[in-house]
Each structure stands twice: as C-alpha cells, then as structure tokens.
Amino acid sequence: MAGTEPTTDTKADRFLALHRPGSPLLMPNAWDAGSAKLFESLGFEAVATTSSGFAATLGRLDGSVSLDEAIAHSAVMVAATDVPVSADLENCYAEDLAGVARTVTRALEAGLAGCSIEDYTRESDEIYEFAVAQDRVAAAAEVAHRGPARLVLTARAENFLHGRPDLLDTIARLQAFQEMGADVLYAPGIRTAEEIRAIVTSVDRPVNVLARSGAPTVAELGALGVGRISVGGAFAWVALSAAVEAANELRAKGTYDYFDRAMDGAKAARAAFNRT
C-alpha cells in the first residue's frame, strides 16, 4: 500500500490496542500469503498464522514444521499484508529457556507484531510442569518486551486440547503467565460460557477464545468480556473441504457445479490481490 510502512513497534502497539474486552478482535488464521491478503481485503484488522494450516500446505500434519520454516513463513505473511500478523510458534520450538528466547528474537526479526507460546511439549500429549511453563513464558516475555521493537505475547494453556479438562489448573496457569508478562491469554478448547466467564474474570489481560462448534457466538463472547477470537486451522480446513467436494463431484458425477463457487473465489482473489 502507498504511504510509510509502519514499524514493527507501531504494528505491535496497534495490534494490542485492537484487543478490547467486550468488543473482541476477530482474527482469522491465514495459511499462506494469498489467504492473508484475502482476509485483509475483507476488512479484518489483524491476521495470525496457523501451525496446522501451514503444515497442510507442505503436505504434513500439525507439529511437523521446523523453526526455520515457521519463521520464513511468518516473514512471508508479514510482507503480504499491512495489518499486524501474529505467529503460532507452538512451544517456541525449544525445550530450554535459551531456545525460547532465541525463537522470540527471530520472531521480532521477522517483523511480526505478535507470537504465541504454549505449554504443550508435543511429546505424548504431555503438558509442561507448572513452574517450567511459567519460566518459559517469562523467558519469552523478556525478549518480546525489551525493545525498542516489541511483540504482543500470547501465552497458551493447552490442558483442554490434550485430555486434561482441569479448569482450575488452567486458570492458575493463565494467572501465572499474566504475572510473567504475557499480554494475551488463551486456553484453546474451552467452549462453554461458564468456563469462559471463569477465565475472563480471573485474569487482567485480554482473553482469546477459539471459534469452534459449540462455543458461544461472537456477540455472546463479547458479552462475556472476551478480547479476541481466532479460528485456528478451521478456515484452512474449510478451503480443503471445498476442494475435496469439487474433486469428488468431478470424479463421481462428471459434472461442474463447483464452477460458480470457483468464480466467486476468483472474484475475491482479484479484489484482494489488485489492492494498492
């Protein structure tokens, strides 16, 4: 776009300001440069990466992307759009605190406005011990906030995604992450109004909720005080589902009813990619 390119610091400040509890930021997770441009053209004020969606573009499952690949992908996303970009950096691709710090440093160098760190080890559905998880968030926050450029750090408590639906432990972790410097708190997998209300009222930072089947609507989440809503890999899977439907129609029926929907997509792409 024309005009002065915002600095990373400006984008991070703008990104954090978009987190308004009660009027949540709607943040789609893009899986490539084209989808990021598309979401920006549709009026979204920030986008995030998706580890699972990006892995799918490489023909892999979630958890198989390397740090180098994730950072390179993040830089592509930043270059593709003028809105703030936040990266899903899984467990920061490191077990030790020095490794966490190196990953966040590279996120800053990629021009990101934000990034996340989760307390899931990616080993047999194990969650980091409480104190270890807390120290990891502290290490990430120290780099994210030391300036002059900064990152909006999202700390994730992964209990509910990995067979540990322990609300009290999840709240305790999010409270500890807040104390360690996290800017945004996130417990993917929670979905009931009661769970969400309990978390929102227990912390003093914006809370992100994953939009998924069975969760309250956007309006209801706003009324609960949620500050951000993201979609994870869902939009990427919707795109793949549409491709499967079209391919099966061609193979099984030999018809082309998908073509009208394809033209709708082409029209959206032209509008998004011709923006200046």
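The structure reproduced in this document is the subject of the present report. Just so it is clear, the model here is predicted, and its values are computed rather than measured.

Cut-offs used in this document
Residues numbered from 1 in each chain as written. Predicted model: local features only at pLDDT ≥ 70, side-chain atom pairs only at ≥ 80, totals over all residues. Heavy atoms only, no water. Patch = residues over 30% accessible without salt bridge, like charges linked within 9 Å, V, L, I, M, F, W, Y side chains within 5 Å. Areas by Shrake-Rupley, 256 points an atom, 1.4 Å probe, with all protein chains shown as cover. Salt bridge = Lys/Arg side-chain N within 4 Å of Asp/Glu carboxyl O. Buried < 20%, exposed > 50% of the residue type's maximum accessible area, 1.4 Å probe, protein only. Phe/Tyr/Trp six-rings, centres within 6.5 Å; stacked < 30°, edge-to-face > 60°. Pairing = 2+ DSSP bridges. Helix = DSSP H or I, 4+ residues; strand = E, 2+ residues; numbered from the N terminus. Expected span 1.5 Å × (residues − 1). Core = buried A, V, L, I, M, F, W, Y, C linked by side-chain atoms within 4.5 Å. Contact = heavy atoms within 4.5 Å.

1. A word on a nonpolar patch on the surface
And step 1. Side chains of L250, Y256, F259 and M263 sit close together on the surface and give an oily, nonpolar patch of about 420 Å² of accessible area.
And step 2. Judged by relative accessible area, M263 falls into the partly exposed class, the value being 39%.

2. Description of the packing of aromatic side chains
And step 1. Summed over all chains, the structure comprises 3 aromatic pairs.
And step 2. With a centroid separation of 6.0 Å and an interplanar angle of 75 degrees, the aromatic rings of W31 and F39 are classed as edge-to-face. This pair shows no difference in class: W31 is buried, exactly as F39 is.
And step 3. Looking at F39, the relative accessible area reads 6%, which means it is buried.
And step 4. An aromatic cluster of at least three residues, connected via ring pairs, comprises W31, F39, F44 and F235.

3. Concerning the sheet that holds strand β1 (residues 25–27)
Within a sheet, each strand pairs with its neighbour through backbone hydrogen bonds, oriented either parallel or antiparallel.
And step 1. Across the sheet, 9 strands lie side by side as β1-β9-β8-β7-β6-β5-β4-β3-β2; this open sheet has parallel pairing. Among the strands making up the open sheet, the edge pair consists of β1 and β2 (29–30).
And step 2. By the bridge criterion, 3 bridges tie strand β8 (residues 207–210) to strand β9 (residues 228–230) in an arrangement that is parallel. In the sheet register, N208 faces β9, and the bridge partner there is R228.

4. Brief notes about helix α4 (residues 67–80)
And step 1. In this model, α4 (14 residues) spans 20 Å end to end at C-alpha, consistent with the 20 Å of a helix rising 1.5 Å per residue.
And step 2. When α4 is considered as a whole, its buried residues turn out to be L67, A70, I71, H73, S74, M77, V78 and A80.

5. Observations regarding the nonpolar core
And step 1. Counting 58 residues, the largest nonpolar core has L112, L151, L153, L174, F177 and I196 as its most contacted members.
And step 2. Looking at which element gives the most residues to this core, the answer is helix α6 (residues 130–144), with 7 residues.
And step 3. With residues up to four places along the chain from it excluded, the contact list for F177 reads D119, A133, Q134, V137, A155, R156, A157, A182 and L185.
And step 4. Ranked by size, the runner-up nonpolar core spans 10 residues in total, among them M27, A46, A48 and V184.

6. Digging into unusual backbone geometry
And step 1. Cis geometry is adopted by the peptide bond preceding P148, which originates at G147 and carries an omega value of 5 degrees.
And step 2. You can see P148 is positioned in the loop between α6 and β6 (152–156).
And step 3. Unlike most non-glycine residues, Y93 shows phi in positive territory, near 55 degrees.
And step 4. Structurally, Y93 can be placed in the loop between β4 (85–87) and α5 (97–109).

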